[in-house]
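# Descriptive structure summary
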Amino acid sequence: MLATVRSTTLNGIDGRPVEVEVHVAPGLPAFTVVGLPDAAVRESRDRVRAAVLSSGLPWPTKRVTVNLAPSGVRKTGAGLDLAMAIGVLAATGRLLPEDVEQIAFIGELGLDGSIRAVPGIVPMVGSLGATPAVVPVDCLAEARLVAPSARGARTLLELLAALQGTGPWPDAPRAPAGPPVAWPDMSDVRGQRVGRTALEVAAAGGHHLLLVGPPGSGKTMLASRLPALLPPLDPVDALEVTRIYSAAGVPLAGGALADRPPFRAPHHGATDVALVGGGSGVSRPGEISLAHAGVLFLDELAEFAAPVLDALRQPLEEGVVRVRRARSAVDLPARFQLVGAMNPCPCGEGSQPGDCRCSDAARARYERRLSGPLLDRFDLAVALARPTVSELLGGAPGESSAAVIARVRDARAMAAARGVRCNAELTPVQLGRHAPLSDQAAEMLERRLASGALSARGLHRVWRVARTIADLGGAGPLVTEERVAEALSLRVGRECLLVGR
Amino acid sequence: MTTGPLDDQQCHAAALAGLDMGPARLRRLLAGTTPRAAWEALATGSHPADPEGRGVQLVRPGMVEEAAERCRAAGVDVVVLGSPAYPPCLAGDDDPPAVLFVRGRLTVLDDGPRVAVVGTRSATEAGLETARAIGSAVALAGATVVSGLATGIDSSALDGSLESGGPAGPVAVLGTAHDGSAQPAQRRLQEAIAEAGLVLSEQAPGSRGARWRFAVRNRIMAALAQLVVVVECHVEGGALHTVRAAERRGVPVAAVPGAVGRAASAGTNELLVGGAHCVRDGTDVVALLARLTGARLVPPDRPDAAAPRRRTAERRPGAGLDPVAVRVLQSLDAEPLDLSCIVERTGEPLGAVAVALEQLADQGLARGRAGWWRRVAAGWPPG
């Protein structure tokens, strides 16, 4: 007897439909799986057999062959368990073929016949098109984000009853509403006029931001306030982020579509694969993909291994990371805003003139950790100083996040009118059209170019930042000298790092 | 100065120095014998200063030729303690280098009184300017600047002396071998000094650098100088080695005062509290040097004394500034302030402050680096 059941498997962050063909024929009792299964799929045999027997159902004392088609593509994960079990039950006549052939089954089986959650439900269900899917009941909320017709199942026996019309389909369990996210507020930041401005400009324009300062100068404090300033995700990005999170097995807050830009802050011990994505067999999204449409915050930037940082350069340019392995090719979205924080030198005190106690060699070694091309990609680089005691204790609270959020929203709307998500995406041609420079502004930039203080690439970055600053100020289309001067003053942090060069 | 080919004794002296031992041990090996005899005794294990015969393991055939070739490649002359060419001011010291590797003119040491100008590598802009001004004033007055080649104060003082066009060339005392400095800026300065003055090292070309060599080198600066001036120095900074070496030799020490609380001036302020001479600029240094040595030196006019006051009467600096720039200038100090602080003090938006600072920098009234700005002396009081 032959039965064919639909299912799907995960490749990167995309689902790939798979047909599970189950053939039961006379012969020595055996159970083989063919069609490029990986280790987890081969282990399915034991789980499927145990689950069927534990459910009180007979296992055929015949030769069982499972083929996963298309057979040239590597299948990964335990999500094919359920489809195999259903296929065996259909091939042995326990289920009618017409009850199962128009449905796709996704889920991992426990030895007791329970159906367990698997990662990647959103992209997997999304790849099925109009075919209704049966998923583990714990994944039902996730599946319904992309396919309202999806149904859940708790155990193999319950599923059998529901398929035959003798039992109910279980409802999605109520996702416990987590505590409301309390974003830290900008009003906690005392002093730091330049740091605050830089953060607001970064939020409004999507510019990459580097914070340089001694320990205790508030780098991490500022960076952690960025996500709250960013506008909510648009529907396209929300779905994309949800797909990535689902594929990575990261739980979704409240089981709903991601609506806030992600904020990822990996520790500096991260490997290049952890950051960029990939891995053996399954290509998992890395931190930069998890930060897609959001913020990747690298604290203690100089402590990351140099090859790890240099692996960021290509995704920073292209917004996508192309993971290529001998047997897999995956494109993972990675359009993120990079925020870095670091000390100016190993002793930490080097930003204030005369305070550094490092040897020349130690400083030179430290500066080499951050390659020039990576440093170049930061539009904003600010040098922070420690706030004074009077600022910390007596100073007035800073402006609250709410006021900043309103300005950021207006600036983003202006960028959208230019046909880009944010000003960081403006091309040089668009800059010429949408950000005309006043005479004094052009003259100021020319002077910097002529003196070599600014490169051609740097020019465009300053220009974009100046556009964002003008947008935040609510000014007209012309970019004035004041805006350019401000943009230039928001990148002097580079100089602290280039002292020895 | 063109160096002729090294003679046999010089080659052996270079090879001995290349064995990388401390100065006292090297001196013992060379005491009362010629370099060649010392080398041969060391090779056979019969040197009286090496009773355990450890030299036998150190000495390999061909080392003498190798050392000579390295000296030739680096353009270095070899001067042995006790030879007529050896500078008398060092020969009289109680811890003189047994072998000196020399580029430039040794006669620079006879030109006039010598001042060691030393300080921290991590200096403030103001400190670097002071060091440069002192270097220049000392050279113009006909005295010689002695310093190390470290970045920061040392390099600035030597640079000031070179640029001044004064009669005396500067003297650089290296803590490495002549071919040991890695940074391009240091190499350039070293070449220029070898051309105009004198570069000394007690390490053979090709020797490995070591941290302790810098501390040991400081005694040579102290021995050469009739006055040691510390411009900026942290507490327990390396420049204090030179100060201690100077105090042991009875060489007077002077220090430039700095703001209380500024890390880079903490060491110098402490020296002043401990009784060091107080100097503000090149004029003070030259006057002090003249008083201490009895040499006839003409201190150059202090640039910012009476003259600028007359000038402000004619044309006040910052006359054509706009009101924001005036407020920004008023908020600046001689000590660097960071941009956030200037914005806070003036209450002006960042963009306006940035434009004003650019304008002030153009007019030479303020100077900034890496987001830290300070007022330049001539800009006070603002118009």
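Details of the structure are given in the entry above.
Residues numbered from 1 in each chain as written. Chains lettered and ligands numbered in written order. Predicted model: local features only at pLDDT ≥ 70, side-chain atom pairs only at ≥ 80, totals over all residues. Heavy atoms only, no water.

## Quick notes on the overall build of chain A
Regarding its fold elements, chain A presents 24 helices and 18 strands. Seen along its three principal axes, the alpha-carbon backbone of chain A occupies a region of about 85 × 45 × 45 Å. By residue count, 53% of the 501 residues in chain A fall in the buried class. Look at the contacts in chain A between residues 6 or more apart in sequence, and 74% of them connect residues 24 or more apart. With the model as given, the accessible surface of chain A reaches about 20400 Å², and the carbon-plus-sulfur share is 55%. Of the side-chain charges in chain A, 54 are positive and 50 negative, and the distance between the mean point of each set is 3 Å. (Helix = DSSP H or I, 4+ residues; strand = E, 2+ residues; numbered from the N terminus. Buried < 20%, exposed > 50% of the residue type's maximum accessible area, 1.4 Å probe, protein only. Contact = heavy atoms within 4.5 Å. Areas by Shrake-Rupley, 256 points an atom, 1.4 Å probe, with all protein chains shown as cover. Lys, Arg positive; Asp, Glu negative; His and termini not counted. Charge placed at Lys NZ, Arg CZ, Asp CG, Glu CD.)

## A few points about the side chain of His 207 of chain A
All names here are of chain A. Take His 207: it is sitting in the loop between α8 (193-205) and β10 (209-212). You can call His 207 buried: its relative accessible area is 0%. A distance of 3.2 Å separates a polar atom in the side chain of His 207 from a polar atom in the side chain of Asp 379. A distance of 2.7 Å separates polar atoms of two side chains, one belonging to His 207 and the other to Thr 468. Ignoring sequence-local partners within four residues, the contact set of His 207 consists of Val 201, Ala 202, Gln 337, Asp 379, Leu 380, Asn 423, Ala 424, Arg 464, Val 465 and Thr 468. (Polar contact = N/O pair within 3.5 Å; in protein donor to acceptor, adjacent residues only side chain to side chain.)

## Examining the packing of aromatic side chains
Residues and elements named next belong to chain A. Enumeration over the complete set of coordinates arrives at two aromatic pairs over all chains. Note on Phe 31 and Trp 59: the rings are 5.1 Å apart at their centroids and 55° apart in plane angle, and the pair reads as tilted. Separated by 28 residues along the polypeptide, Phe 31 in strand β3 (residues 30-34) and Trp 59 in the loop between α2 (44-54) and β4 (63-69) bring together distant segments of the chain. For the residue pair Phe 31 and Trp 59, the accessibility class agrees, reading buried in each case. Pairing Phe 263 with Phe 297 gives two aromatic rings, centres 6.0 Å apart and planes at 25°, and the pair type is stacked. Of this pair, Phe 263 sits in strand β11 (residues 263-264) while Phe 297 sits in strand β14 (residues 295-298); the two residues are 34 residues apart in sequence, bridging distant segments of the chain. (Phe/Tyr/Trp six-rings, centres within 6.5 Å; stacked < 30°, edge-to-face > 60°.)

## A word on the sheet that holds strand β12 (residues 372-375) of chain B
Residues and elements named next belong to chain B. Reading across from one edge, β10-β12-β11 is the order of the three strands in this open sheet, with antiparallel pairing throughout. Both edges of this open sheet fall to β10 (337-338) and β11 (366-369), since each of them pairs with a single strand only. In terms of strand pairing, β11 meets β12 through four bridges, oriented antiparallel. Residue Gly 368 lies in a different strand from β12, and its bridge partner there is Trp 373. (Pairing = 2+ DSSP bridges.)

## Things to note about the interface of chain B and chain A
Tallying the contact residues gives 29 residues for chain B and 31 residues for chain A. Carbon and sulfur atoms supply 55% of the area that chain B and chain A bury against each other, a total of about 2500 Å² over both sides. The interface formed by chain B and chain A contains three salt bridges. Note that Glu 358 of chain B is salt-bridged to Arg 448 of chain A, the shortest N-O span being 2.4 Å. Remark: the boundary between chain B and chain A carries eight residue pairs in polar contact (both at pLDDT 80 or more). Of all elements in the fold, only α16 (339-346) and α17 (350-362) of chain B reach the threshold of two or more residues within the side of chain B that touches chain A. (Buried area = accessible area lost by both parts, 1.4 Å probe. Salt bridge = Lys/Arg side-chain N within 4 Å of Asp/Glu carboxyl O.)

## Some words on the environment of Thr 76 of chain A
All names here are of chain A. The topology assignment puts Thr 76 in the loop between β4 and α3 (81-91). Through-space distance from the C-alpha of Thr 76 to that of Pro 428 is 44 Å; in sequence the pair is 352 residues apart. Within the structure, Thr 76 has its side chain in polar contact with the backbone oxygen of Leu 10 (distance 3.3 Å).

## Here we look at helix α7 (residues 125-140) of chain B
All names here are of chain B. Given a rise of 1.5 Å per residue, 16 residues ought to cover 22 Å, and the 22 Å separating the end C-alpha atoms of α7 matches this to within 8%. Every buried residue of α7 is accounted for by Ala 126, Gly 127, Thr 130, Ala 131, Ile 134, Gly 135, Ala 137, Val 138 and Ala 139. Tucked inside the fold, the buried residues of α7 contact β3 (114-118), β4 (144-147), α8 (153-164), β7 (227-230), α13 (282-293) and β12. One or two steps after α7, the chain reaches Gly 142, where phi turns positive at roughly 95°. (Expected span 1.5 Å × (residues − 1).)

## Some details on the packing of α8 of chain A against helix α22 (residues 456-472) of chain A
Residues and elements named next belong to chain A. Interhelical geometry of α8 versus α22 gives an angle of 100° and a closest axis separation of 9 Å. Between α8 and α22, the angle is such that the two are roughly perpendicular. Residues Glu 200, Val 201, Ala 204 and Gly 205 of α8 form the contact with α22, whose participating residues are Val 465, Thr 468, Ile 469 and Leu 472. Along the lines of polarity and charge, the residues of the contact of α8 with α22 split into five nonpolar, two polar and one charged. (Axes fitted to C-alpha atoms, helices over the stretch in contact; angles between N-to-C directions. Parallel < 35°, antiparallel > 145°, perpendicular 65-115°, else oblique. Nonpolar A, V, L, I, M, F, W, Y, C, P; charged D, E, K, R; others polar.)

## Observations concerning the pattern of salt bridges
All names here are of chain A. Evaluation of the coordinates by the stated rule reveals 48 salt bridges over all chains. A salt bridge links Glu 443 to Arg 447; the shortest N-O distance between them is 3.5 Å. Pair noted here: Glu 443 and Arg 447 are both in helix α21 (residues 439-451), with a separation of four residues, about one helical turn. You can call Arg 447 partly exposed: its relative accessible area is 37%.

## Here's the deal with the nonpolar core
For soluble globular proteins, the rule of thumb is that nonpolar side chains tend to be buried together. Core analysis: the largest hydrophobic core is formed by 68 residues, its most contacted members being Leu 209, Leu 211, Val 484 and Leu 490 of chain A together with Ile 342, Leu 357 and Leu 360 of chain B. Contact partners of Leu 360 of chain B, with chain neighbours within four places excluded, come to Leu 321, Ala 325, Val 328, Leu 329, Leu 332, Leu 365 and Ala 366 of chain B. Core analysis: the next-biggest nonpolar cluster, separate from the first, contains 61 residues, Ala 147, Leu 210, Ala 238 and Ala 302 of chain A among them. (Core = buried A, V, L, I, M, F, W, Y, C linked by side-chain atoms within 4.5 Å.)

## Some points on the packing of α3 of chain A against helix α7 (residues 156-163) of chain A
All names here are of chain A. Across the interface, α3 lies against α7 with an axial gap of 12 Å and an inter-helix angle of 55°. Put simply, α3 runs oblique to α7. In this structure, α3 meets α7 at a crossing whose hand is right-handed. Across the interface between the two elements, Leu 82, Ala 85, Ile 86 and Leu 89 of α3 pack against Leu 156, Leu 159, Leu 160 and Leu 163 of α7. A breakdown of the residues in the contact of α3 with α7 according to their chemical character gives eight nonpolar, no polar and no charged. (Left-handed = near helix turned anticlockwise from the far one by under 90°.)

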